[in-house]
Amino acid sequence: MYSSVIQPCLPSLIILRISMAAAAVIGVVLVALLSVFYVNWRLDRSSGCHFPAIYNFGDSNSDTGSVSAVLRRVPFPNGQNFGKPSGRYSDGRLIIDFIAENLGLPYLNAYLDSIGTSFRHGANFAATGSTIQPPHLRMFEEVCYPLSLNIQLLQFAQFKARTTQLYPQVQNSDIKNTLPRPEDFSKALYTMDTGQNDLHDGFTSMTVEQVQKSIPNIINQFSQAIEQLYQQGAKIFWIHNTGPIGCLPFFVINYPPKSDNVDQTGCIKSYNEVAQEFNRQLKDMVSQLRSKLGDALLTYVDIYSAKYSLISEAKTHGFVDPFGQCCGQNGKFRECGKKAVVNGTEVDGASCTNPSEYISWDGIHYTDAANQWVAGRILNGSLSDPPLPISEACHKPLHLELKY
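Right, let's walk through the structure included here. (Residues numbered from 1 in each chain as written. Predicted model: local features only at pLDDT ≥ 70, side-chain atom pairs only at ≥ 80, totals over all residues. Heavy atoms only, no water.)

**Digging into the overall build of the protein chain**
Argument step 1. Each helix and strand in the protein chain was counted, giving 13 helices and 10 strands.
Argument step 2. By the burial criterion, 50% of the 404 residues in the protein chain qualify as buried.
Argument step 3. In the protein chain, the proportion of contacts linking residues at least 24 apart, taken out of those at least 6 apart, comes to 73%.
Argument step 4. As presented, the protein chain carries roughly 19300 Å² of accessible surface, and 55% of it is formed by carbon and sulfur atoms. (Helix = DSSP H or I, 4+ residues; strand = E, 2+ residues; numbered from the N terminus. Buried < 20%, exposed > 50% of the residue type's maximum accessible area, 1.4 Å probe, protein only. Contact = heavy atoms within 4.5 Å. Areas by Shrake-Rupley, 256 points an atom, 1.4 Å probe, with all protein chains shown as cover.)

Written out as structure tokens, the structure reads:
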């Protein structure tokens, strides 16, 4: 009784089945092609990027000797894990040191340190007290730190121009091996770790609202700095956002917040909110630069999340009070290494006996152990945009390659 209805539909059913079969074949082919593409894409990345050098820009979180070389030596017990002052505000390594280790490169020498220095594998322009904004006679204990980001860029421009000119003229191999190869500048990794001091200075001299209103200008200057490096030949950027400044013992102790301005961890909530707004605008800036600088590869690194996770779960990760400090006291990082007289003998400011149990070294900077923990959370790319490990930061993410 249904034959008269079914029979006229048979050609349509046949065509439908053929179409479905064709679609299935096409689907299999596409999957196969994509699989081959993906396998080749992974094989291309299996050996990593082999960066020949790192050029770093920033503040004391990554200063490995700039201010120590120019103004005064960072005193012991800073650098005690090295057995001597190392130009670092920490007992040992900074995150930039762990970056170098991860990429199989030696620790970066400060550009301003001329004693026994090799720049074959990069240079560090970061300087303690540096800001993104040019300084306005900013003072710390009567010592001015003028090496803001714009000055660091001028230093890099001179460094590149002079070494590029000098390299082909040098005949002595020992000297030549201390200079960067001109072709390495475009292959190097450019790391940026700055912005914390812009907020720090703001919080100590302005209202929270005023600091927040200053962020767009700071971000704009940061964007211009990256574009300047790009014009100098930089192509690959690894850009840290700023950490939870409201969790630094320096602020928690010296600027104790009211009860309604404390988060669940004990940090200053309003300060961290400003830091998060800075990071939001920074991430937007990075996204815009990707569109503007077509062949540049920019990785945005959420160091805030790594640091806040460590502070909020300090005891879980083997650290003591997250607001304690190993060297100095009462949130005053200048007390670390400060000369004092004990039983008639002048001694350096002492550190604790167990720095590996502390997150904060001196109230502002992190210990070697804390820096290692944070580095372990960011270098694998899990907190990055795009989510690539630092060893693959020279590659475009797969979805962008498919797009083009």
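**Observations concerning the environment of Asn-81**
Argument step 1. Looking at the secondary structure, you find Asn-81 in the loop between helix 3 (66–70) and helix 4 (95–102).
Argument step 2. Residue classification places Asn-81 among the partly exposed positions, given a relative accessible area of 47%.
Argument step 3. When the C-alpha positions of Asn-81 and Asp-91 are compared, they lie 5.7 Å apart, and in sequence the two are 10 residues distant.
Argument step 4. Once residues lying within four places of it in the same chain are set aside, the contact partners of Asn-81 are Asp-91, Gly-92 and Asp-368.

**Quick look at the sheet that holds strand 10 (residues 384–385)**
Argument step 1. If you trace the 6 strands from one edge of the open sheet to the other, you get 2-1-5-6-7-10, paired in mixed fashion. Two strands in the sheet have a free side with no partner beyond their single neighbour: strand 2 (122–124) and strand 10.
Argument step 2. Examined bridge by bridge, strand 6 (residues 236–240) and strand 7 (residues 297–301) share 5 bridges and lie parallel to one another. Bridge assignment links Ile-239 to a residue of strand 7, and that residue is Tyr-300.
Argument step 3. Packed on one face of the sheet, helix 4 meets strand 1 (54–58), strand 5 (189–193) and strand 6 and runs near 165° to strand 1. (Pairing = 2+ DSSP bridges. Axes fitted to C-alpha atoms, helices over the stretch in contact; angles between N-to-C directions.)

**Section: the pattern of salt bridges**
When the charged atoms of two side chains with opposite charge come close together, those side chains can pair.
Argument step 1. Summed over the entire model, instances satisfying the criterion amount to 9 salt bridges.
Argument step 2. The closest approach of N and O atoms between Asp-184 and Arg-181, which form a salt bridge, is 2.9 Å.
Argument step 3. Classification of Arg-181 as partly exposed rests on a relative accessible area of 26%.
Argument step 4. Each of Arg-93, Glu-101 and Asp-368 takes part in a single network of salt bridges with overlapping partners. (Salt bridge = Lys/Arg side-chain N within 4 Å of Asp/Glu carboxyl O.)

**What to know about the side chain of Asn-279**
Argument step 1. Structurally, Asn-279 is set in helix 10 (residues 269–292).
Argument step 2. Not counting residues within four places of it along the chain, the set of residues in contact with Asn-279 comprises Asn-241, Thr-242, Tyr-300 and Tyr-304.

**So, the pairing of strand 6**
On a regular strand, one side chain projects to one face of the sheet and the next to the other, so that they alternate.
Argument step 1. In terms of residue burial, strand 6 counts as a mostly covered element, since 5 of its 5 residues are buried.
Argument step 2. Here strand 6 shows two buried faces, one formed by Ile-236, Trp-238 and His-240 and the other by Phe-237 and Ile-239.
Argument step 3. Inspection of the sheet shows strand 5 paired to strand 6 by 4 bridges, in the parallel sense. Looking across to strand 6, one finds that Thr-191 is bridged to Trp-238.

**A closer look at the nonpolar core**
Argument step 1. Counting 87 residues, the largest nonpolar core has Tyr-55 and Phe-57 as its most contacted members.
Argument step 2. Here the element with the most residues in this core is helix 8 (residues 208–231); it accounts for 9 residues.
Argument step 3. Look past the residues within four positions of Phe-57 in its chain and what remains in contact with it is Phe-125, Ala-126, Leu-149, Gln-152, Leu-153, Phe-156, Tyr-190, Thr-191, Met-192, Asp-193 and Leu-229.
Argument step 4. Cys-327, Cys-336, Tyr-358 and Trp-361 belong to the second-largest nonpolar core, a separate cluster that totals 6 residues. (Core = buried A, V, L, I, M, F, W, Y, C linked by side-chain atoms within 4.5 Å.)

**Structural notes on unusual backbone geometry**
Argument step 1. Here the bond from Phe-76 into Pro-77 is cis, since omega is 15°, no more than 30 degrees from zero.
Argument step 2. Positionally, Pro-77 belongs in the loop between helix 3 and helix 4.
Argument step 3. Here the bond from Asp-385 into Pro-386 is cis, since omega is 0°, no more than 30 degrees from zero.
Argument step 4. Positionally, Pro-386 belongs in the loop between strand 10 and helix 13 (398–403).

**Describing the packing of aromatic side chains**
Argument step 1. Using the criterion set out here, one finds 23 aromatic pairs in the structure.
Argument step 2. Considering the side-chain rings of Phe-57 and Phe-156, the 5.9 Å spacing of their centres and the 75° angle between planes classify their relative orientation as edge-to-face. Taken as a pair, Phe-57 in strand 1 and Phe-156 in helix 5 (residues 149–166) lie far apart in primary sequence, 99 residues in all.
Argument step 3. Between the aromatic rings of Phe-156 and Tyr-190, the centroid separation amounts to 5.8 Å while the plane-to-plane angle is 85°, which identifies the pairing as edge-to-face. One end of the pair, Phe-156, is in helix 5; the other, Tyr-190, is in strand 5, and 34 residues separate them in sequence.
Argument step 4. Since its relative accessible area comes to 1%, Phe-156 is described here as buried.
Argument step 5. Classification of Tyr-190 by relative accessible area gives buried; the value is 0%.
Argument step 6. By way of ring pairs, the aromatic residues Tyr-55, Phe-57, Tyr-111, Phe-119, Phe-125, Phe-156, Phe-159, Phe-185, Tyr-190 and Phe-237 are connected into one cluster.
Argument step 7. In this structure, Arg-377 is placed above the aromatic ring of Trp-373, and the distance from its NZ or CZ to the ring centre is 3.9 Å. (Phe/Tyr/Trp six-rings, centres within 6.5 Å; stacked < 30°, edge-to-face > 60°. Lys NZ or Arg CZ within 6 Å of the ring centre and 35° of its normal.)

**Here's the deal with the state of the cysteines**
Argument step 1. Summed over all chains, the structure comprises 4 disulfides.
Argument step 2. For Cys-326, the disulfide goes to Cys-352, at an S-S distance of 2.0 Å. As the torsion about the S-S bond is roughly -95°, the Cys-326-Cys-352 disulfide counts as left-handed. Of this pair, Cys-326 sits in the loop between helix 11 (303–312) and strand 8 (340–342) while Cys-352 is found in the loop between strand 9 (345–347) and helix 12 (368–378), placing the two residues 26 residues apart along the sequence. No difference in accessibility class separates Cys-326 from Cys-352, as the two residues are buried. (Disulfide = S-S within 2.5 Å.)

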